[in-house]
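This is what each chain is made of:
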Amino acid sequence: MKKLIASALLAAGLLGGLVGSANATCGSVSIAEMNWASAGVAANVDKIILENGYGCSVDLVTGDTLPTFTSMDEKGQPDVAPELWINAVRTPLDKAVSEGRLVIAAPLLSDGGQDGWWIPKFIADAHPDIKTVQDALKHPELFPAPDDRSKAAIYDCPPGWQCQSSLENLYRALDMEKKGFKLVDTGSAAGLDGTIANAFEHKTGWLGYYWSPTAILGKYEMVRLSFGVPHDKAEWDACTSVTNCANPKVNSYPVSEVYTVVTKSFADKAGVAIDYLKTRKWTNDTVNSILAWQTDNQGTNEDTARQFLKTREDVWTKWVSPDVAAKVKAAL
């Protein structure tokens, strides 16, 4: 009997050691909490799941695209960048991956980051013939300028943003001035948001630049228009995105690739936690709705992450095993 008890205790000790080892394998994790909403919420979702589901010890560190990437590449810290827009660092990232310093995990935004020209869904529903930007330009009467209703409006990118160059080049490429459209400078991102809110409040047409994921597109249902041509990267780099390009052509915006990137040292030691980071992804629509909740409720990134985990089990429980999901639910 004593032998049986001793054997049982030994087995329990070994099992406890294995469990502790599994948690220790994950160990301490540093995650970049980037300084824009969608990435900040993603970092907090990862923190909650990794800590409660996998026994990791997580520190969030302030991040931004280029500084975070450079630090990960050169210093191996932080361990994880949950939402890295890799078009901005494509060449050095490819080099870091090929040389074994960094690892690309899941495409966090499964449908990619989306820039483009949008119209309200109520306009698209009322005018099903409008599928492309060119279709919209046939109906200047639907998009009145705020200060001169005899003109139509295209709402510009906020001043100083790179997207201002591409919009203004496309404005000229489409010969929009001759078609009755004027460029409207909204002064800031907040000003641009205000024009969308006003359009929905008064049920008036709106055409302009916006991007996803964002809270505005979670609150106001918009439709992104096609430019009727595929994205031409060479043209984009040489002209579309260059301020005052002499001879711009009609072009489509690129879809931005948005991935989770981790250091190779973390990937090697993280065990099942790295499987989670290689699996979890969400759509623009999901993120837009989350960010709309954050704006309406003045929530922090952590508040919003918890709201997502409480209300969207249909999304996140697919990323983890049932036992991990149970632990996370219990912690909420």
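Numbering of residues starts from 1 in each chain and follows the order in which that chain's sequence is written. Only residues with pLDDT of at least 70 get local features here, since the model is predicted, and only at 80 or more are side-chain atom pairs given and counted; chain-wide, interface and lining totals rely on the full set of residues. Heavy atoms throughout the structure, all of them, feed into the side-chain values; hydrogens and water do not.

Right, let's get into the state of the cysteines. Cysteine sulfur pairs qualify as disulfides if the two atoms are within 2.5 Å. In total, this model carries two disulfides according to the counting rule given. With a sulfur-sulfur separation of 1.6 Å, Cys157 is cross-linked through a disulfide to Cys163. Of the residues examined, Cys157 reaches a relative accessible area of 0% and is grouped as buried. On the basis of relative accessibility, which here comes to 8%, the residue Cys163 falls in the buried class. The rule is simple: take the accessible area with a 1.4 Å probe, protein chains only, and divide by the maximum for that residue type; under 20% is buried, over 50% is exposed, in between is partly exposed.

Turning our attention to the pairing of strand β1 (residues 28-34). Numbering of helices and strands starts at the N terminus; helices are DSSP runs of H or I of at least 4 residues and strands are runs of E of at least 2. Most of β1 is tucked away, with five of its seven residues classed as buried. When the strands point away from the viewer, a crossover counts as right-handed if the path from the first strand over the helix to the second runs clockwise. With helix α2 (residues 37-54) bridging β1 and the parallel strand β2 (residues 57-63), this β-α-β connection has right-handed handedness.

Moving on: the packing of α2 against helix α14 (residues 301-311). Taken N-terminus to C-terminus, the directions of α2 and α14 make an angle of 65°; their axes are 8 Å apart at the nearest point. As α2 runs across α14, the sense of the crossing is right-handed. Contacts from Ala37, Gly40, Val41, Asn44, Val45, Ile48 and Ile49 in α2 reach Asn301, Glu302, Thr304, Ala305, Arg306, Phe308 and Leu309 in α14. Under the convention adopted here, Pro, Cys and the residues Ala, Val, Leu, Ile, Met, Phe, Trp and Tyr are nonpolar, Asp, Glu, Lys and Arg are charged, and Gly plus all remaining residues are polar. For the contact of α2 with α14, the class distribution of residues is eight nonpolar, four polar and two charged. Whenever a helix is involved, its axis is fitted only over the stretch in contact; in every case the axis is a line through C-alpha atoms, and angles between N-to-C directions fall within 0 to 180 degrees. Should the near helix be turned anticlockwise from the far one by less than a right angle, the crossing is termed left-handed; should it be turned clockwise, right-handed. Any two residues whose heavy atoms approach within 4.5 Å are treated as being in contact.

Note the cis peptide between Gln77 and Pro78, where omega equals -5°. Note that Pro78 resides in the loop between α3 (65-75) and β3 (80-85). With an omega of 15°, the peptide bond running from Ser212 to Pro213 counts as cis. Looking at the secondary structure, you find Pro213 in the loop between β8 (208-212) and α9 (215-219). Phi is positive for Asp175, close to 55°, though the residue is something other than glycine. With respect to the secondary-structure elements, Asp175 resides in the loop between α7 (163-173) and β7 (181-184). Residue classification places Asp175 among the partly exposed positions, given a relative accessible area of 35%. A positive phi angle, near 55°, is found at Asn244, a position not held by glycine. Following the sequence through the fold, Asn244 ends up in the loop between α10 (233-240) and β10 (255-256).

On the secondary structure map, Gln294 appears in helix α13 (residues 284-297). Ignoring anything within four residues of it in the chain, the contact list for Gln294 reads Ala37, Val41, Gly299, Thr300, Asn301 and Thr304.

Here we take up the nonpolar core. Formed by 41 residues in total, the largest nonpolar core has its most connected members in Val45, Ile49, Trp282 and Trp319. Excluding anything up to four places from it in sequence, Val45 contacts Tyr276, Trp282, Ala305, Phe308, Leu309 and Trp319. In this structure, Ala136, Ala152, Leu170 and Leu225 belong to the second largest nonpolar core, which totals 26 residues. Definition of nonpolar core: a set of buried residues of the types Ala, Val, Leu, Ile, Met, Phe, Trp, Tyr and Cys, connected through side-chain atoms within 4.5 Å.

Our focus in this paragraph is the packing of α2 against helix α16 (residues 322-331). Where α2 contacts α16, the axes come no closer than 8 Å and their chain directions differ by 110°. Viewed along their axes, α2 and α16 adopt a mutual orientation that is roughly perpendicular. Note on packing geometry: the crossing formed by α2 with α16 is right-handed. Contacts from Ile48, Ile49, Asn52, Gly53 and Tyr54 of α2 reach α16 at Val324, Lys327, Val328 and Ala331. Its residues assigned to classes, the contact of α2 with α16 shows six nonpolar, two polar and one charged. Orientation is classified from the angle alone, with under 35 degrees giving roughly parallel, over 145 giving roughly antiparallel, 65 to 115 giving roughly perpendicular, and any other angle giving oblique.

The next subject is the confidence of the model for the chain. Looking at the chain as a whole, its pLDDT mean stands at 91, while 92% of the residues score no less than 70. Low pLDDT (under 50) marks residues 1-24, which in the prediction has two contacts with non-local residues, meaning those over four places away or in another chain. Here pLDDT means the predictor's own confidence in every residue, given as a number from 0 to 100.

Our next topic: the packing of aromatic side chains. Aromatic rings from Phe, Tyr and Trp, taking only the six-membered ring of Trp, are treated as a pair when their centres fall within 6.5 Å; an angle between ring planes under 30 degrees marks them as stacked, one over 60 as edge-to-face, and anything in between as tilted. Tallied over the entire structure, the rule returns 16 aromatic pairs. One aromatic cluster is present, formed by Trp117, Trp161, Tyr209, Tyr210, Trp211, Phe227, Trp236 and Tyr253 through successive ring pairs. Note on geometry: a ring has a charge over it if NZ (lysine) or CZ (arginine) is within 6 Å of the ring centre and within 35 degrees of the ring normal. Over the aromatic face of Phe122 sits the side chain of Lys203, whose NZ or CZ is 5.1 Å from the ring centroid.

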